[in-house]
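One-letter residues, chain by chain:
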Amino acid sequence: MIFNPEKECMSREDLRKLQSERLVKIVKHAYDNVPMYKERMDALGVKPEDIKSIDDIVKLPFTTKKDLRDYYPDKLFAVPRSEIVRFHASSGTTGKPIVAGYTAHDVENWAEGVARVLAAGGMSKEDTVQVSYGYGLFTGGLGAHDGATKLGAAVLPTSAGNTSKQIMLMEDLQTTGLCCTPSYALFLAEEIEKEGKKDAIKLKSGFFGAEPWTEGMRKELEAKLGIKAYDIYGLTEISGPGVGGECECQNGTHLWEDMFYPEIINPETGEQLPDGVEGELVFTTLDKWGMPMLRYRTRDLTHLIHEKCECGRTLCRMGRILGRTDDMLIIRGVNVFPSQVESILLEIPEFQGQYYITVDRVNNVDTFDIDVELREEYYSDDIAAMNRLADKLVGRIVSVIGIKPKIHIVEPGSITRSMGKAKHVTDNRKFK
Ligand code: DLL
């Protein structure tokens, strides 16, 4: 189902008109109300009147995560505090988090973004959506909750964790939609299998995001849970989940371009890149008033696709997020994204998608160790057989990534499972 056909299927010409009108208004709003934007635009010699259409977006300054930290907590808000109805904050690993403030209109738009994703993945008011993203400062829980409510579905707000209770309620209330991180979905699937409940649950669709995941993981989750698994994308700075999501064609994430204008730039030069070329994703919020963001550099790496989708939506799509520029490991001079390891693991039938990478530097040489798990039926104490499987994985990693890791096959179930965003890497070089 298309939640808002008027917007999701509008002609590209009408869309550009709407984007232009909205950009003009939001730039003026940001310039008039956020001192940082006034200073930045003045420094570039750009006045709000210079922004006449969406093509003028390249004249605007970029915004970075550092800006959100420097102007903590609310100096990028563009409305009086009395207009703010909600705060969220991202979980920065160090120092202060970044805070986002929303007006009532912003919360409505955000809920619509999520409702569009849920509808695109087959949900309607007949469905029960279990929200197993964490509730709280993280946008996942409340974002998915408001979106499902907007759609008219029944919400089961389990939040993350307490896995056996989640499964019990999933069975007893016949949940049909599941919203959580792909890593938690994998853990839930393992537990469902262990409890022998696969036939008792009635899930149809899963909406997985908040961290990179791969096509291999999609297949795994679809098979284990008997569902269709959809990608949902978003970030706190731009609103939360539901900046975009996949449709039934599962061929890229539609971005709600009427609300968030996407660009792909070369992260080194800041220049815009054409369709199909991987680069850094940048968003300008076109209809967000509490904390408007002009050309926000997400650090997420992907590409855009403007080719029409068979689902009938005209809004563009993006490819899977490979990772963030700051999640990229450089090991012995080679760029490595953890999601590449996931994808290779899941191409080999004996392995499952759980892994943990440890990088270190010993005698000035980078070490690259990966803990992996085999599927239960392949795990044994036959050391020669285990070594053969480890060698097979090493061979694949060398041919795809170009460097040789040391593989440690660990007992199934021993890698720590995650309830939210999974941590896949320890880089000890940082501490040296
Ligand atoms: O993770 C919002 C969200 C919640 C999205 C639930 C989807 C579902 P943050 O905590 O601010 O917000 O983290 C945002 O997570 O810049 C990406 O690096 C990553 N991310 C989010 N969705 C995806 C996805 C939420 N579908 C950061 N695929 C983003 C890959 C994703 N990475």
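All of the points below concern the structure found in this document. (Residues numbered from 1 in each chain as written. Predicted model: local features only at pLDDT ≥ 70, side-chain atom pairs only at ≥ 80, totals over all residues. Heavy atoms only, no water.)

## Considerations on the sheet that holds strand E20 (residues 406-410)
Pairing between the strands of a sheet comes from backbone hydrogen bonds, and it takes one of two forms, parallel or antiparallel. Ordered by their spatial adjacency, 4 strands build an open sheet running E20-E19-E18-E21, and the pairing between neighbours is mixed. Looking along the sheet, the strands with just one partner apiece sit at the ends: E20 and strand E21 (425-427). Across the sheet, the mean angle from the axis of one strand to that of its neighbour is 15 degrees, orientation sign disregarded. Pairing analysis gives 3 bridges linking strand E18 (residues 351-362) to E21, with the strands arranged parallel. (Pairing = 2+ DSSP bridges. Helix = DSSP H or I, 4+ residues; strand = E, 2+ residues; numbered from the N terminus. Axes fitted to C-alpha atoms, helices over the stretch in contact; angles between N-to-C directions.)

## Observations regarding empty space enclosed by the protein
Here the idea is plain: a probe the size of a water molecule rolls over the atoms and shows the empty space left. Scanning the model with the defined rule gives 1 cavity of 30 Å³ or more in all. Approximately 70 Å³ is the volume found for the largest cavity. Around the largest cavity, the lining residues are Tyr-102, Asp-106, Asn-109, Trp-110, Ser-239, Met-259, Phe-260, Thr-285, Leu-286, Asp-287 and Lys-288. Looking at which element gives the most residues to the lining of the largest cavity, the answer is helix H5 (residues 104-120), with 3 residues. (1 Å grid on protein atoms, 1.4 Å probe; cavity = no way out; pocket = protein on both sides within 12 Å on 5 of 7 lines; lining within 4 Å. Points joined across faces, edges and corners; volume = space filled by probe spheres on them.)

## Describing the layout of surface pockets
Estimates place the volume of the second largest pocket at around 320 Å³. Together, 14 residues line the second largest pocket, and Glu-190, Glu-193, Lys-194, Gln-352 and Glu-376 are the ones closest to its centre. Those elements that provide at least two residues to the lining of the second largest pocket are helix H8 (182-194) and helix H9 (215-225). Element by element, the count of residues in the lining of the second largest pocket is highest for H8, at 4 residues. Of the residues assigned to the lining of the second largest pocket, the class counts are 2 nonpolar, 2 polar and 10 charged. (Nonpolar A, V, L, I, M, F, W, Y, C, P; charged D, E, K, R; others polar.)

## Structural notes on the site of the ligand
Among the 20 residues in the neighbourhood of the ligand, the closest are listed as Asp-231, Ile-232, Thr-236, Asp-300 and Lys-421. At a separation of 2.5 Å, an oxygen atom of the ligand approaches a polar side-chain atom of Thr-236. A total of 600 Å² of accessible area belongs to the ligand in isolation, and the protein chains cover 96% of it. When residues of the shell around the ligand are traced back to their parent elements, those giving at least two are helix H6 (139-151) and strand E7 (228-234). Take the shell around the ligand: its biggest share by element is 4 residues, from E7. Classifying every residue of the shell around the ligand by side-chain character gives 9 nonpolar, 5 polar and 6 charged. (Near = heavy atom within 4 Å. Polar contact = N/O pair within 3.5 Å; in protein donor to acceptor, adjacent residues only side chain to side chain. Areas by Shrake-Rupley, 256 points an atom, 1.4 Å probe, with all protein chains shown as cover.)

## Here we look at the environment of Val-27
Summarising the element assignment, Val-27 is placed in helix H2 (residues 12-33). In sequence terms Val-27 and Thr-284 are 257 residues apart; their C-alpha atoms lie 9.7 Å from each other. Aside from chain neighbours lying at most four places away, what touches Val-27 is Met-41, Pro-48, Ile-51, Leu-60 and Leu-294. (Contact = heavy atoms within 4.5 Å.)

Just geometry here; none of it tells us what the structure is for.
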